[in-house]
Every structure is written in structure tokens, then in C-alpha cells.
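Chain by chain, the residues run as shown.
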Amino acid sequence: MRDTKNIKTILIKVGSSSLCNEFGQIEKEKILKLVLQISKLKKNGYLVALVSSGAIATGMGVLHLDKKPTTLPQKQALAAIGQAHLMQIYEEIFELFGLKCGQVLLNHGDFDDRKRLMNLCNTIHALLDYDVIPVINENDVLAVEEIKVGDNDTLSALLVPVINADLLVLVSDIDGLYTKNPKIYSDAKLLKFVERIDEAIWAMAGDTSSSLGTGGMSTKIRAAKIVNDYGKHLVIVNGEKEDYLLKIFEDEGTWFNASLNSLSSRDHWLAYRVNIKGKVIVDKGAKEAMIDHRKSLLPKGIVRVEGQFLMGQVVSIETEDEVIGKGIVNYSSDEIKLIKGYNTSEIENILHYKDYDEVIHANNIVFKR
């Protein structure tokens with residue numbers, strides 16, 4: 001059963017396929033349909049924020065291009081042209097319903113840094129306090145692979161803790177999660193409710209994707225995992241259906257239920273919202289001590305270090321065969337290279353100082369889920 005009684009804040013992510021026609025051009029009628037439903041949600045007392053794709057598609061329409069360019073500078077130029085035009089369309093249509101919206105552009109670096117993350121959080125909540133609907137997108141004009149979130153399914157999932165949204169709605173061109181790819185298998189069945197994301201659910205992701213967007217079903221399940229691990233709900237709905245947003249409280253689409261064993265805000269930030277700066281490879285004994293006994297990572301158990309990072313940054317903790325989790329280091333990569341394999345008592349002799357016994361304290365480790 002869908003537990004909807006405690007939902008107050010809704011984050012809606014709408015993909016390019018739900019905003020464009022078959023030629024990849026923005027269709028104002030679809031945005032009108034979206035905003036009409038948002039206005040009804042607002043009248044029913046919900047706080048609403050929107051993650052919107054479509055900047056590049058809008059730029060293509062402005063320049064009358066019939067296909068998406070392939071080079072990064074061309075895509076970024078189209079995003080620069082299209083983002084302004086897209087916001088103008090949103091402003092005009094929201095105004096028809098007596099609503100105001102405000103643009104928020106961000107990159108993964110805004111999630112990486114705790115101070116910037118708090119500023120983002122405060123800004124979005126100030127917009128909501130002003131009764132303004134935030135329209136959020138990745139800053140594609142400046143985004144490069146190293147700082148990109150990558151797709152708006154993931155971006156919207158990472159925003160759930162920032163906004164403190166109770167429900168994330170992924171609006172797409174598919175009805176939800178099927179047991180098999182419905183385009184290939186006639187016996188594929190739509191799942192209405194997912195209690196827990198396990199290997200069987202991941203296997204159902206298949207290769208369903210849109211030619212207009214960057215996220216297939218696998219990105220949607222990953223988004224659901226991120227959201228559910230924070231103790232919040234996610235639902236996938238088809239933007240081609242009538243009143244698709246208003247029917248999410250009934251049985252529309254696929255509902256991914258919040259995890260009962262949710263992560264704290266800090267652990268969730270460590271697990272999902274920060275990019276790793278390097279890797280610390282550990283031996284079997286260190287792995288067992290951390291996982292089975294919740295011990296800190298000491299230099300003795302470290303085999304090697306990969307990448308360059310500073311004290312206080314987040315790294316991936318791995319064995320030779322698997323990823324264990326993430327952690328905040330007490331020493332830089334260069335310092336860890338010097339003390340790895342040694343006892344804690346030898347740190348001061350090697351570095352000529354010792355601020356910490358642990359390379360990563362147990363309280364600063366979050367394990368892979």
C-alpha cells in the first residue's frame with residue numbers, strides 16, 4: 001500500500017521526452033499540462049519543487065536544428081541559449097495560474113562541499129517560503145564530465161534530502177517498472193509497488209531508455225535507491241497519461257517505498273552526494289575489522305592508495321576485489337602512502353607528527369548498501 005498521509009513536500013522531475021514532441025522540440029502544451037497539475041497540487045496544500053530537463057532541446061528549437069549535436073561545446077552553447085528560453089516559457093505559463101517560479105542551476109560540486117550544500121538548501125527553502133516554485137536543472141553550460149551529476153534522475157534524487165521532500169516523482173515516457181522490457185516481451189507486467197530494491201528489481205531495469213533523454217530505467221532505479229535509503233518515497237509515472245501527477249496518490253505508475261532502515265543525513269551525504277577523491281585499498285583483516293566489529297581503519301591494514309586527496313576529503317574504501325564503502329580521511333594521500341602497513345605507534349616517527357591514530361575513524365565510514 002502507498003503511504004501518502006505524511007507527504008507534504010513533492011519534488012517533480014520531468015524529462016525531455018515529457019516536454020518535447022517527436023521532433024525533439026519543446027511543446028508548450030505539455031508544459032501547460034504539467035503546470036496545471038502543479039497548480040492543483042499547490043491548491044491542495046503541497047509544497048512543490050521542479051527539476052526540469054529540456055534546455056538543450058529548447059536551444060535546438062530556437063536555432064531550428066533537426067538533430068542533437070555531438071560535441072560538448074555545441075551542447076553547452078545550446079544549453080546556454082535554451083535555458084533562458086525555457087525559463088521564459090515556464091514563467092509565462094506559471095503566471096497564467098497566479099504562480100511564480102525561480103531558476104536554480106547547479107553541479108555536483110554543490111553537493112560535494114558541505115558549506116555550498118547548506119547554502120543550496122537555504123536558498124531553495126527561502127524560495128519555498130516565498131511561495132515560489134524552484135525550477136532546478138544541472139548547469140549544462142559549464143558542466144564537464146568531472147563535475148557533472150550526469151542525468152536528472154540522479155540529480156533529483158540527490159535533491160530530496162536538500163529540499164526535505166517526502167516524495168520524488170519521476171515523469172517519463174514509460175508507465176513504470178515492468179518485469180521485462182514491454183517493447184520486447186508481450187508478457188511483461190507493470191509493477192505497481194516495490195517494497196525493497198534487490199537484485200531481482202535491478203535485473204528488471206533492462207535497457208529501456210529514451211532517445212531524447214539521458215536516463216534509462218537503470219538510472220531511475222538508482223534514483224529510487226538513493227531516495228529510499230533516505231527514508232523517502234519515489235514514484236515513476238508516464239507524462240503522456242491524463243492527470244498523471246494527480247493520480248500518484250492512487251495507483252498510477254510504480255511506487256518505490258521508503259526504506260525502514262534509512263541513513264542519517266550525514267551518512268547519506270557520504271554515501272551518495274559527494275564525489276570520491278581517491279581510493280584506499282585495504283587487506284582482508286582491515287575489511288573484517290571495519291564491517292564485523294565497526295572498527296576504524298588503521299594504517300596497518302592499508303595496502304595502497306590511488307589518486308591525490310587532502311585530509312578531510314572523501315575516498316572509496318576497497319579491497320582488491322570489491323568496494324566496501326566510503327570514508328573521510330584524517331591524512332592526505334601522500335601521508336597515507338608513507339604510513340601504510342605500519343603500526344599506529346610508528347606514525348609520529350614517519351611523519352614527525354601524529355594528529356590521529358586512525359586513517360579513517362569508524363564514525364566517518366559508511367558501508368555500501
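All of the points below concern the structure found in this document. Everything numeric in this text was worked out from a predicted model, so none of it was measured. (Residues numbered from 1 in each chain as written. Predicted model: local features only at pLDDT ≥ 70, side-chain atom pairs only at ≥ 80, totals over all residues. Heavy atoms only, no water.)

For the rest of this paragraph, the subject is the overall build of the chain. Of regular secondary structure, the chain possesses 12 helices and 13 strands. For a compact globule of 369 residues, the expected C-alpha radius of gyration is about 21 Å, and the chain comes in at 23 Å, within 12% of that figure. Taking the principal axes of its C-alpha atoms as reference, the chain extends roughly 70 × 45 × 40 Å. Here the chain, with 369 residues, has 54% of them falling under the buried criterion. The contacts of the chain with a sequence gap of at least 6 include a subset with a gap of at least 24, amounting to 71%. Of the roughly 17600 Å² of accessible surface on the chain, 50% is carried by carbon and sulfur atoms. Charged side chains in the chain number 45 positive and 50 negative. The centres of these two groups are separated by 2 Å. (Helix = DSSP H or I, 4+ residues; strand = E, 2+ residues; numbered from the N terminus. Rg over C-alpha atoms; globule rule 2.2 N^0.38 Å. Buried < 20%, exposed > 50% of the residue type's maximum accessible area, 1.4 Å probe, protein only. Contact = heavy atoms within 4.5 Å. Areas by Shrake-Rupley, 256 points an atom, 1.4 Å probe, with all protein chains shown as cover. Lys, Arg positive; Asp, Glu negative; His and termini not counted. Charge placed at Lys NZ, Arg CZ, Asp CG, Glu CD.)

A few words now on the packing of aromatic side chains. What the rule picks out here adds up to four aromatic pairs. Plain terms: the ring middles of Tyr331 and Tyr356 are 6.3 Å apart, the flat faces sit at 90 degrees to each other, and that makes the pair edge-to-face. Of this pair, Tyr331 sits in the loop between β12 (323-328) and α11 (333-339) while Tyr356 sits in the loop between α12 (347-351) and β13 (365-367), and the two are 25 residues apart along the sequence. Exposure remark for Tyr331: the relative accessible area of 1% places this residue in the buried category. Lys180 extends its terminal NZ or CZ atom over the ring of Tyr185, reaching a point 5.3 Å from the ring centre. (Phe/Tyr/Trp six-rings, centres within 6.5 Å; stacked < 30°, edge-to-face > 60°. Lys NZ or Arg CZ within 6 Å of the ring centre and 35° of its normal.)

Here we take up helix α8 (residues 217-229). When the terminal C-alpha atoms of α8 are compared, their 18 Å separation across 13 residues agrees well with the 18 Å that a helix rising 1.5 Å per residue should span. Of the residues making up α8, those classed as buried are Met217, Thr219, Lys220, Ile221, Ala223, Ala224, Lys225, Ile226, Val227, Asn228 and Asp229. Summarising the contacts, the buried residues of α8 are in contact with α6 (152-163), β5 (167-172), α7 (199-203), β7 (233-238), β8 (254-256) and α9 (265-273). Among the residues trailing α8, Gly231 stands out with phi positive, at a value near 85 degrees. (Expected span 1.5 Å × (residues − 1).)

With that settled, consider the pattern of salt bridges. For the coordinates displayed, the defined rule picks out 16 salt bridges. Of the charged contacts in the structure, one is a salt bridge between Arg116 and Asp110, with a shortest N-O distance of 3.1 Å. Owing to a relative accessible area of 43%, Arg116 belongs among the partly exposed residues under this scheme. One connected set of salt bridges, linked through shared partners, spans Lys13, Asp153 and Lys220. (Salt bridge = Lys/Arg side-chain N within 4 Å of Asp/Glu carboxyl O.)

On to the sheet that holds strand β10 (residues 302-306), then. Read from one edge of the open sheet, five strands run β10-β9-β11-β12-β13, paired in mixed fashion. Among the strands making up the open sheet, the edge pair consists of β10 and β13. Going from strand to strand, the sheet's axes swing by 25 degrees on average, the running direction of each strand aside. The strands that α9 touches are β11 (314-318), β12 and β13; relative to β12, the one it contacts most, it runs at about 120 degrees. Here helix α10 (residues 284-293) sits on the sheet and contacts β9 (279-282), β11, β12 and β13; the angle it forms with β9, its principal contact strand, is near 105 degrees. (Pairing = 2+ DSSP bridges. Axes fitted to C-alpha atoms, helices over the stretch in contact; angles between N-to-C directions.)

Another aspect to go through is the packing of α6 against α9. Between α6 and α9, the shortest axis-to-axis distance is 11 Å and the interhelical angle comes to 160 degrees. As judged from the angle between their axes, α6 and α9 are roughly antiparallel. Regarding α6 and α9, the two cross each other, and that crossing is left-handed. In this structure, α6 contributes Leu158, Pro161 and Val162 to the contact, and α9 contributes His268, Tyr272 and Arg273. Grouping the amino acids of the contact of α6 with α9 by side-chain chemistry returns four nonpolar, one polar and one charged. (Parallel < 35°, antiparallel > 145°, perpendicular 65-115°, else oblique. Left-handed = near helix turned anticlockwise from the far one by under 90°. Nonpolar A, V, L, I, M, F, W, Y, C, P; charged D, E, K, R; others polar.)

For the rest of this paragraph, the subject is the side chain of Asp166. Mapping Asp166 onto the fold places it in the loop between α6 and β5. You can call Asp166 buried: its relative accessible area is 15%. Side-chain polar atoms of Asp166 contact the backbone nitrogen of Lys8, separated by 2.8 Å. In this structure, Asp166 is in contact with Asn6, Ile7, Lys8, Thr9, Lys232 and His233, ignoring residues within four places of it in sequence. (Polar contact = N/O pair within 3.5 Å; in protein donor to acceptor, adjacent residues only side chain to side chain.)

Looking now at unusual backbone geometry. Across residues other than glycine, the phi torsion is negative in most instances, and most of the peptide bonds are trans. Notably, Asn164 is not glycine yet its phi reads approximately 60 degrees, a positive angle. Positioned with a positive phi, Arg294 is a non-glycine residue whose angle comes to about 55 degrees. Along the chain, the position of Arg294 falls in the loop between α10 and β10.

Summed over the entire model, instances satisfying the criterion amount to zero disulfides. There is no disulfide at Cys101, and the cysteine sulfur nearest it, in Cys20, is 18 Å away. Given a relative accessible area of 14%, Cys101 falls into the buried group. (Disulfide = S-S within 2.5 Å.)

Where nonpolar side chains cluster on the molecular surface, the patch consists of Val62, Leu63, Leu65 and Ile81 and spans about 270 Å² of accessible area. Position of Leu63 among the secondary structure elements: in the loop between α2 (55-62) and α3 (72-96). (Patch = residues over 30% accessible without salt bridge, like charges linked within 9 Å, V, L, I, M, F, W, Y side chains within 5 Å.)

Here we come to the sheet that holds strand β3 (residues 100-106). Strand order across the open sheet formed by eight strands is β3-β4-β2-β1-β5-β7-β8-β6, with mixed pairing between neighbours. Of all strands in the sheet, those with a lone pairing partner are β3 and β6 (193-194), marking the two edges. Both β7 and β8 contribute to a ladder of three bridges, which runs antiparallel. Each residue of the ladder has a partner; that of Leu234, found in β8, is Phe256. Across the sheet, helix α5 (residues 114-129) touches β2 (47-52), β3 and β4 (132-138), and the angle it forms with β4 is around 145 degrees. In the packing of α8 onto the sheet, contacts are made with β5, β7 and β8, and the angle to β7 comes to roughly 155 degrees.

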